[in-house]
Amino acid sequence: MNHIKKIAICIFLSVISLNLFAQYIPGQSYFGANNYIECIAGDLPIIIVVPHEGYLTPSSLPIIGNHSRDNGTQQTSWQLFDSIVSHTNGCIPHLIINHLHPSILNAAREIDTAAGTNLDTRQAWYDFHDFIVTAKYTVTNTWGAGHYFEMHGNGHAEMWTEVGLGVSKTYLNGSDSLIMTRVGNSTIKNLCTNGGANFLDVVKGANSLGNLLDSKGWNSVPSLTHPSPDTGGFFYAGWNTWKHGSRYSGVIDATHIENYYAFMQSINRAEYANDLSESILQFMQAHYGFALDCDNVGIKEEIIENRTLIRIVNIVGQEVDFKKNQLLFYIYSDGLVEKKIKLP
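Worth saying up front: this structure is predicted, and the values here are computed from it rather than measured.

### Some details on the confidence of the model for the protein
With 83% of its residues at a pLDDT of 70 or more, the protein shows a mean pLDDT of 87. Below pLDDT 50 for its whole length, residues 1-22 participates in ten contacts with residues either more than four positions away or in separate chains. Every residue in residues 297-304 scores below 50 in pLDDT, and together they form 13 contacts with partners more than four places removed in sequence or on other chains.

Right under this line is the structure:
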């Protein structure tokens, strides 16, 4: 009986969380308990997550690990956020930040490893993941699909940014046919199955995030220049990208970005963040068909003479023909996305 009661309480709290998120105003910050977790609500199908560069070390919370900060990820993510807003003429990505030091809360692990037994730390873990879940809920119901980008930092000798999609270097170092066996085990499963995107292009092709960034002068893997890491360092996924990506369910895909630490330091940060934002927006247009611009995405109602319908997708991102009594997303050549439901 107690077990059933606990489940009911969890479901009730989740419903409250989702209802509250629907009232959030894009661009405003919202905080969890004790202001340990911050969420900036957005209106784009882009979710940026920063789990490992918190500065707070409250004396009331125990140190449970030795994880150091991913130096530069929070500042870079703020500049990435601002750059996306600028490039989209005011559209806003979702941004979730853990402000606790990762030695106190490692927000990229399951709760017992991440937070230990302290109730306040555990609440911060729940707040962090609840903000992510509600952002995913909003993106799913507004856009029909979207992408989660988790920001980390690496200091590997190869001096490159590593773009992880759940495909390890064991597979990336192999043949294309071997890589293709990982579609269903990747964090971009929905995009490359229901969404119809070319898996090899998303992973390492001309329109891969790694190649788009590499082509702007930031050494990245996988890319056309570096199609595989070979024996080099490479983080291909993390606990959060498995949890919040589409491998197991849903229409939100995920990328684990291990930014080379020198790219994120003050001398390079503004330029790198700007180029990363452009690469993300190019990636979203190439693979999701979203030309994200608040001057014409879902805002302007006037008919544009040269607009053509590209495709119709349902709530899970599957391309479909017209159907009555079903919420559908009409994606046009100029980037406009319309939500329509036709009643009898």
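### Thoughts on the environment of Asn 259
Mapping Asn 259 onto the fold places it in strand E8 (residues 252-260). The spacing of Asn 259 and Glu 162 is 97 residues in sequence and 6.4 Å in space, taken between C-alpha atoms. What Asn 259 contacts, discounting residues up to four positions off in sequence, is Met 151, His 152, Gly 153, Asn 154, Thr 161, Met 264, Tyr 272 and Leu 276.

### Quick look at the pairing of strand E3 (residues 46-50)
For E3, a buried count of five out of five residues is recorded, marking the element as mostly surrounded by other parts of the structure. Here E3 shows two buried faces, one formed by Ile 46, Ile 48 and Val 50 and the other by Ile 47 and Val 49. Across four bridges, E3 lies against strand E5 (residues 146-154) in parallel orientation. When the sheet's bridge partners are listed, Ile 46 is paired in E5 with His 147. Bridging between E3 and strand E4 (residues 94-98) involves four bridges; their strand directions are parallel. Counterpart to Val 50 in the pairing with E4 is Ile 97.

### Re the state of the cysteines
Here, disulfide denotes a covalent bond that connects the sulfur atoms of two cysteines. Summed over the entire model, instances satisfying the criterion amount to one disulfide. Residue pairing for Cys 91: its cysteine sulfur links by disulfide to Cys 294, the two sulfurs lying 2.2 Å apart. Linking Cys 91 and Cys 294, the disulfide has an S-S dihedral of approximately 125 degrees and is accordingly described as right-handed. Remark: Cys 294 occurs in the loop between helix H11 (269-288) and strand E9 (309-313) and Cys 91 occurs in the loop between helix H2 (73-87) and E4; sequence separation between them is 203 residues. Accessibility assignment for this pair places Cys 91 and Cys 294 in one class, buried.

### Topic: empty space enclosed by the protein
Tallied over the entire structure, the rule returns two cavities of 30 Å³ or more. Taken as a whole, the second largest cavity spans an internal volume of roughly 40 Å³. Residue lining of the second largest cavity: Val 163, Gly 164, Leu 165, Val 167, Leu 172, Val 203, Pro 222 and Phe 234, and that is the complete set. Its residues placed into classes, the lining of the second largest cavity shows seven nonpolar, one polar and no charged.

### Topic: the environment of Ile 132
Residue position: Ile 132 is located in helix H4 (residues 119-143). Sequence spacing of Ile 132 and Ile 48 is 84 residues, and the spatial spacing of their C-alpha atoms is 9.3 Å. The residues contacting Ile 132, other than those within four sequence positions of it, are Val 49, Ile 96, Tyr 148 and His 244.

Criteria and cut-off values
- Residues numbered from 1 in each chain as written.
- Predicted model: local features only at pLDDT ≥ 70, side-chain atom pairs only at ≥ 80, totals over all residues.
- Heavy atoms only, no water.
- pLDDT = per-residue confidence, 0-100.
- Contact = heavy atoms within 4.5 Å.
- Helix = DSSP H or I, 4+ residues; strand = E, 2+ residues; numbered from the N terminus.
- Buried < 20%, exposed > 50% of the residue type's maximum accessible area, 1.4 Å probe, protein only.
- Pairing = 2+ DSSP bridges.
- Disulfide = S-S within 2.5 Å.
- 1 Å grid on protein atoms, 1.4 Å probe; cavity = no way out; pocket = protein on both sides within 12 Å on 5 of 7 lines; lining within 4 Å.
- Points joined across faces, edges and corners; volume = space filled by probe spheres on them.
- Nonpolar A, V, L, I, M, F, W, Y, C, P; charged D, E, K, R; others polar.

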